[in-house]
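Here is how the chains run, residue by residue.
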Amino acid sequence: MTSAPVPLTPAQSAAKARRLGSWYFAEHTLRVMRTYAASVLMYSVGTPLAYLFAMGVGLAALIDANGAGAFGGVDYLTFLAPALVASAAMMSATGEFMFPIMDGFKWRRTFFGPHASPLAPAQIAQGHIIGVTIRILVPTAIYFAIVVLFGAAPGPWAWVSIFTATLCALSFGLPLMAYVSTLTKDSGQFAAVQRFIVTPLFLFSGTFFPLATLPWFLQWIGWLSPLWHATELGRVLSYGYAEPAWLGAVHVLYMLATAVAGAVLSRRIFTRRMGA
Amino acid sequence: MKPQLVWGNPLWDSKACTSLVRVSIQTRGSAASPYVISAHNLTKKYGDFTAVDNISFDIPAGESFGLLGPNGAGKSTTMRMIGGVSQRSGGTLSIMGLDPEKYGPEVRSHLGVVPQQDNLDEELKVRDNLIVYGRYFGLPLSYLKPKADELLEFAQLSEKAGAKVDDLSGGMKRRLTIARSLVNDPKILLLDEPTTGLDPQARHILWDRLFRLKEAGTTLVLTTHYMDEAEQLCDRIVVVDKGRIMAEGSPAALIRQYSTREVLEVRFGSERNATVAAELAGIGERTETLPDRVLIYTDDGERALEEVAARGLSPLTSLIRRSSLEDVFLRLTGRSLID
């Protein structure tokens, strides 16, 4: 082979990989996502349109006709929109933190290719997290833009909910990633996560009605649910929903803590599993 | 220069050791050429199970070094430790003078790795697999784009550059994995069972490509349970079984030392092989009875066959062939390489 010499020595390659390895893997993750970018975009536009029309416009007309007092003085669409944005982000995260992880370790073993390169297992975990975060930010921003078009995000700080919704996705997705990293076979766990965790969270996190209207013995679902925390924050940001400042801090800290715990655990599990 | 001693090897005798040291001095040239890989008392345990048991070897630059052994012998585990992706339980290991446990990224930057199972990204196109992999080494796209085209040409995959990996045959995927491992121009290439599962034609294409790399001075370290592969590609081999090194040397030297020049294979039918074996005693240097045939080790196969006939025995089939590494393995372990 007669080609240009490699522009980096092995020592330089290693130094770059130590510094930027997570970003190199994120680049890989995003290149893979580009292969299904069209469906992500269609989903990003189609889902908000469907939900906002069906629930926000159809159902809202019915609810608003019966008085909007229950929703803090705003119309139902404005009340609902922050929850829809956050739940869409959480659902995207569910898929991205389950299947590619199983694919990487088990199905097609795609994590083991980069593992033989200068990258460390923890960087592969981090790279995946970075890639998915970017992949979630984009459709969340699109979702938010459509909410704005529907006139359901009146406040000047409403745009910040793009980031709180993404944080919600990580708060739910990273502990899930840590769990999936420990799986050695798929015996129905993914369907169980969807049915018995994601769906109840979607329904009982103060999404469609205030959490306080649930019976007391179901309200704990909301307190544990990143979706409730993100939804509440989204409402504060979107239309100034009245809430004590300390509770706002709890929302942010809860989501940050669970996301960080999930990331730290994932890094450890990746390192242990790949270095055996 | 340090002799290539094999530790904990019950079958090692001093005569062989002396001859190997001599061979190594002749082939390695001056003492200035360092070993690119040195393993001493390397051990790997998984709980109570010892996968690699106290093995030692040194590999000089440019050598083509093979680990030959059956499945479960500890070859892949050894490769994973050399590749800096698996922690050893004991012993020392040095790759380009670096301990892979302390300097993982540095060690891996020196290596090209072809794993036993392909782990290409099937969602990416053929060419993109090479580019993405090169990025892990911090290499810029301006270098990687022409490099990817060149590697595809080397792997005879230029026409498939834009195809999905899923559409490639097994042999093509293997060649793409080899191309991928070369993206950083490694001086050491680790190949774990490079041709397992490939048809003969695909194997020969692959051997040809590996031969070219060897000619270009790349150090090849490969595991295989195919003796023909080891004979074709390796300058030196260690025969491994149950995590231990049973013997070490060039394919020809191993055959010379542990086997005869020729082997006469006779078949009397699976029912009779064992009983007839006793009547064959004394023909050739020794015999080995397998379920489906009896092997007679001799320097003159034709004469041995005449003797078989002279004893009034008429085998269903007979075959005279030269000794192979399979015979070496059988001699050393009492078992066949491919169970």
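Below is a summary of the structure that appears in this document. Just so you know, these numbers come straight off a predicted model, no measurement behind them. Residue numbering note: each chain is counted from 1, following its sequence as written. For naming, the first written chain is A and the first written ligand is 1, with later ones following in the order written. Whole-chain, interface and lining totals are the exception, using all residues; otherwise, since this is a predicted model, local features are given only for residues with pLDDT of at least 70 and side-chain atom pairs are given and counted only at 80 or more. Note: side-chain values were computed over all heavy atoms of the structure, leaving out hydrogens and water.

Moving on, we come to the overall build of chain A. Helix and strand definitions here come from DSSP, where helices need a minimum of 4 consecutive H or I residues and strands a minimum of 2 consecutive E residues; each element is numbered from the N-terminal end. Looking only at helices and strands, chain A has 11 helices and 0 strands in total. If you list the helices and strands of chain A from N to C, you get α-α-α-α-α-α-α-α-α-α-α. When each of the 276 residues of chain A is scored for burial, the buried share is 53%. Here chain A holds 16 positive side-chain charges and 8 negative ones, and the gap between their average locations is 19 Å. Burial classes follow relative accessibility: with a 1.4 Å probe on protein chains only, a residue under 20% of its type's maximum area counts as buried, one over 50% as exposed, and anything between as partly exposed. Charged residues are defined here as Lys and Arg on the positive side and Asp and Glu on the negative side; His and the ends of the chain fall outside this count. Each charge is placed at NZ for Lys, CZ for Arg, CG for Asp and CD for Glu.

All names here are of chain B. Direction vectors running N to C along helix α4 (residues 126-135) and helix α6 (residues 170-181) enclose 30°, while the axes themselves pass 9 Å from each other. The angle between the axes of α4 and α6 places the two elements in the roughly parallel class. At the point where α4 passes α6, the crossing takes the right-handed sense. Here Val126, Asn129, Leu130 and Tyr133 of α4 lie close against α6, whose contacting residues are Leu176, Ala179 and Arg180. Put simply, Ala, Val, Leu, Ile, Met, Phe, Trp, Tyr, Cys and Pro go in the nonpolar bin, Asp, Glu, Lys and Arg in the charged bin, and everything else, Gly too, in the polar bin. Here the residues of the contact of α4 with α6 sort into 5 nonpolar, 1 polar and 1 charged. Convention adopted: a line fitted to C-alpha atoms gives each axis, helices being fitted over their contacting stretch, and angles between N-to-C directions are expressed from 0 to 180 degrees. Roughly parallel refers to an angle under 35 degrees, roughly antiparallel to one over 145, roughly perpendicular to one between 65 and 115, and oblique to any angle outside these ranges. It is the rotation of the near helix from the far one that decides the hand of a crossing: anticlockwise by less than a right angle makes it left-handed, clockwise makes it right-handed. Two residues form a contact once any of their heavy atoms are found within 4.5 Å.

All names here are of chain B. Paired strands, in this sense, are two strands between which DSSP finds at least two bridges. With antiparallel pairing, the 3 strands of this open sheet are ordered in space as β2-β1-β4. With partners counted over all chains shown, the strands left at the sheet margins are β2 (49-60) and β4 (90-95), one partner each. Here the average twist between neighbouring strands, direction ignored, is 15°. Taken together, the 8 bridges between strand β1 (residues 35-46) and β2 define a ladder with antiparallel strand orientation. Among the inter-strand pairings, Lys45 is bridged to a residue of β2, identified as Thr50.

Next up on the list: a negative patch on the surface. All names here are of chain B. A cluster of acidic side chains, namely Glu285, Asp299, Asp300, Glu302 and Glu306, defines a negative patch on the protein surface. Considering the arrangement of structural elements, one finds Asp299 in the loop between β12 (294-298) and α11 (301-310). What makes Asp299 partly exposed here is its relative accessible area of 41%. Excluding any residue in a salt bridge, patches collect residues exceeding 30% relative accessible area, merging like charges within 9 Å and nonpolar Val, Leu, Ile, Met, Phe, Trp and Tyr side chains within 5 Å. Working definition of accessibility: Shrake-Rupley area with a 1.4 Å probe, residue cover restricted to the visible protein chains. Between Lys or Arg on one side and Asp or Glu on the other, a salt bridge is scored when a side-chain nitrogen of the former is within 4 Å of a carboxyl oxygen of the latter.

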